[in-house]
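# What the coordinates show
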Amino acid sequence: MATTPLTLKELSKKEGLLTSGHRMCAGCGAPIVVKMVLLAAEGPIVAANATGCLEVSTCISDYTAWKIPWIHNAFENAAATLSGVETMYRSLKKQGKISKDIKFIAFGGDGGTYDIGFQSLSGAMERGHDMLYICYDNGAYMNTGIQRSSATPFGADTTTCPAGSVIPGKTQQRKNLTKIMAAHDIPYAAQASPSHWMDLVKKVKKALSIEGPKFMNILSPCNRGWRSRTDDAITLSRLGVETCYWPLYEIENGVTKVTFKPKEKKPLVDFLKPQGRFKHLFAPENEWMLKKFQEAVDKEWESLLKASGNEQP
Amino acid sequence: MKLKGWKKVTPGAVCTVAGSALEFKTGSWRAFRPRWIEENCIQCLFCWMYCPDMAVNVKDGKMVGFNYDYCKGCGICALECPGKKGKKAIVMEEEGK
Ligand code: SF4
Ligand code: SF4
């Protein structure tokens, strides 16, 4: 199979598999993520979607933005649904009724992945289905009005952990899902960001070349929930990476590799400041939160560097 | 876009036409309109890659303008455009002005 060289010029000649006319908000990160994932894939793909912004906005009643076979079942079972599809495919292939090599990709937001769809995701990974599960992580239940999820960052203001005079937003740290998925001993788990498109595309290509269960967690800015501008999805995801809030790394067969090391690690506040959901953290009485948040980011980054044998001197 | 009556909807709401969302023109959402200034364009195609709405037209590997039927006016393309010598090749302008 001919592979497209990794330049934007060559990629732009490929057919886009997610069309215009979807109803995601202006400036949403999720369709950028999906478009990049689909551009990375070669050959036939079948996708499943958990309930969420992406699902409701790309397939409204009779109108779909997908140009590939796509199935939505419920909030909690994208991975289980795709497990069934993939199993049927293997059976039909054995019976000689399908000859194509098909790749399977599930998409879920953080609500449908970290929380509600977690058991079905964990099960699909344990059973070893040949699929790539992509979480587009925007850090809350944005579709239903910005409720906290276990992916919501520490300190963030959401409608179910509002920042008030007594409780300053979310008081817990986020669940480290990428590492939890890697702990399933799957062959491939990675983190990516749309700002670093080449890194993202390479990771998807690698994941799809591996047989078995794969997981990718991709940062997906949401200007409604992050209380930011409509034009800054890429700028914010870049800051997420450069502050090491969202480290880019992969864990392949248990071996951790940091795939992007910022030349200069920016202070976390560079990522937080442009987002209204963190506004209250800049009040003098909440300084301890900024410190605590920065410490958590540093700790995770150092542990990743250590795991990848890449300790900074 | 013409909405179908419920009797016309397929069982299980199965969509049989791939990419039928193209019938829905999201360009009407736009409050700001991107304008391309060709002489400042270095053809990096960042605008194409980062547009959430697939509204940057590319022909034979070259940026050729916008598809205003679908562009929602988010401004990502303009913010990410490096342009030439500090001059942007995309600027956002208020609609209807
Ligand atoms: S303004 Fe937004 S939707 Fe319009 S072309 Fe630019 S990136 Fe795409
Ligand atoms: S981002 Fe700017 S310079 Fe790059 S191709 Fe688009 S218009 Fe041209």
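Anyway, here's the lowdown on the structure attached to this text. (Residues numbered from 1 in each chain as written. Chains lettered and ligands numbered in written order. Predicted model: local features only at pLDDT ≥ 70, side-chain atom pairs only at ≥ 80, totals over all residues. Heavy atoms only, no water.)

## Observations regarding the packing of aromatic side chains
- In the structure shown here, the tally under the stated rule is 13 aromatic pairs over all chains.
- Between B:Phe46 and B:Tyr50, the aromatic rings sit 6.0 Å apart at their centres with planes inclined by 35°, giving tilted as the arrangement. Of this pair, B:Phe46 and B:Tyr50 both sit in helix α1 (residues 46-50), separated by four residues, roughly a single helical turn.
- The interplanar angle of 50° and the centroid separation of 5.9 Å between the aromatic rings of B:Phe66 and B:Tyr68 together place this pair among those described as tilted.
- An aromatic cluster is present here, built from A:Phe154, A:Trp226, A:Tyr245, A:Trp246, A:Phe271, A:Phe278 and A:Phe293 joined pairwise through their rings. (Phe/Tyr/Trp six-rings, centres within 6.5 Å; stacked < 30°, edge-to-face > 60°. Helix = DSSP H or I, 4+ residues; strand = E, 2+ residues; numbered from the N terminus.)

## So, the site of ligand 1
- The environment of ligand 1 is made up of 13 residues, and the closest members are B:Cys51, B:Cys71, B:Cys74, B:Gly75 and B:Cys77.
- Looking at the shell around ligand 1 residue by residue, the class counts come to nine nonpolar, two polar and two charged. (Near = heavy atom within 4 Å. Nonpolar A, V, L, I, M, F, W, Y, C, P; charged D, E, K, R; others polar.)

## Here's the deal with the sheet that holds strand β4 (residues 70-72) of chain A
All names here are of chain A.
- Read from one edge of the open sheet, eight strands run β4-β1-β5-β6-β8-β7-β9-β10, paired in mixed fashion. The sheet terminates laterally at β4 and β10 (255-258), the two strands that pair on one side only. Neighbour to neighbour, the strand axes of the sheet diverge by 15° on average, direction disregarded.
- Bridging between strand β7 (residues 188-192) and strand β9 (residues 249-252) involves four bridges; their strand directions are antiparallel. For Tyr188, the partnering residue across the bridge sits in β9 and is Glu252. (Pairing = 2+ DSSP bridges. Axes fitted to C-alpha atoms, helices over the stretch in contact; angles between N-to-C directions.)

## Side note on the nonpolar core
- Counting 122 residues, the largest nonpolar core has A:Val37, A:Leu38, A:Trp66, A:Phe107, A:Tyr133, A:Met216 and B:Met49 as the members making the most contacts within it.
- Not counting chain neighbours up to four residues away, the residues in contact with B:Met49 comprise A:Leu8, A:Leu11, A:Ile32, A:Lys35, A:Met36, A:Leu39, A:Trp197 and A:Val201. (Core = buried A, V, L, I, M, F, W, Y, C linked by side-chain atoms within 4.5 Å. Buried < 20%, exposed > 50% of the residue type's maximum accessible area, 1.4 Å probe, protein only. Contact = heavy atoms within 4.5 Å.)

## Examining the site of ligand 2
- Contacts to ligand 2 come from B:Trp36, B:Cys41, B:Ile42, B:Gln43, B:Cys44, B:Leu45, B:Cys47, B:Cys81, B:Pro82, B:Ala89 and B:Ile90.
- Within the shell around ligand 2, the residues separate by chemical class into 10 nonpolar, one polar and no charged.

## As for the interface of chain A and chain B
- Contacts between the two partners involve 40 residues from chain A, matched on the other side by 37 residues from chain B.
- Across the interface of chain A and chain B, roughly 3,300 Å² is buried in total on both sides, 64% from carbon and sulfur atoms.
- The tally of links between chain A and chain B comes to one salt bridge.
- Of the charged contacts, one joins A:Arg238 and B:Glu80 as a salt bridge, the two residues approaching to 2.8 Å between their closest N and O atoms.
- Here chain A and chain B share 19 residue pairs in polar contact (both at pLDDT 80 or more) between them.
- Residues belonging to the side of chain A that touches chain B are distributed by class as follows: 20 nonpolar, 11 polar and nine charged. (Buried area = accessible area lost by both parts, 1.4 Å probe. Salt bridge = Lys/Arg side-chain N within 4 Å of Asp/Glu carboxyl O. Polar contact = N/O pair within 3.5 Å; in protein donor to acceptor, adjacent residues only side chain to side chain.)

## What to know about the packing of helix α2 (residues 30-40) of chain A against helix α8 (residues 197-209) of chain A
All names here are of chain A.
- Where α2 contacts α8, the axes come no closer than 8 Å and their chain directions differ by 50°. One finds that α2 runs oblique with respect to α8. In this structure, α2 meets α8 at a crossing whose hand is right-handed. Residues Met36, Val37 and Ala40 of α2 form the contact with α8, whose participating residues are Trp197, Leu200, Val201, Val204 and Lys205.
- Grouping the constituent residues of the contact of α2 with α8 by class yields seven nonpolar, no polar and one charged. (Parallel < 35°, antiparallel > 145°, perpendicular 65-115°, else oblique. Left-handed = near helix turned anticlockwise from the far one by under 90°.)

## A look at helix α9 (residues 233-242) of chain A
- Burial within α9(A) is extensive, with eight of its 10 residues counted as buried.
- Every buried residue of α9(A) is listed here: A:Ala233, A:Ile234, A:Leu236, A:Ser237, A:Leu239, A:Gly240, A:Val241 and A:Glu242.
- Here the buried face of α9(A) lies against α2, β8 (213-219) and α10 (269-272) of chain A together with α1 and α2 (76-80) of chain B.
- A:Cys244 lies just past α9(A) and shows a positive phi near 70°.

## Observations regarding the packing of helix α4 (residues 78-94) of chain A against helix α6 (residues 118-127) of chain A
All names here are of chain A.
- Closest axis-to-axis distance for the α4/α6 pair is 7 Å, and the angle between their directions is 35°. In this structure, α4 contributes Ala78, Ala79, Ala80 and Ser83 to the contact, and α6 contributes Ser120, Leu121, Ala124 and Arg127.
- Of the residues that constitute the contact of α4 with α6, the class distribution is five nonpolar, two polar and one charged.

Keep in mind these values describe shape, not function.
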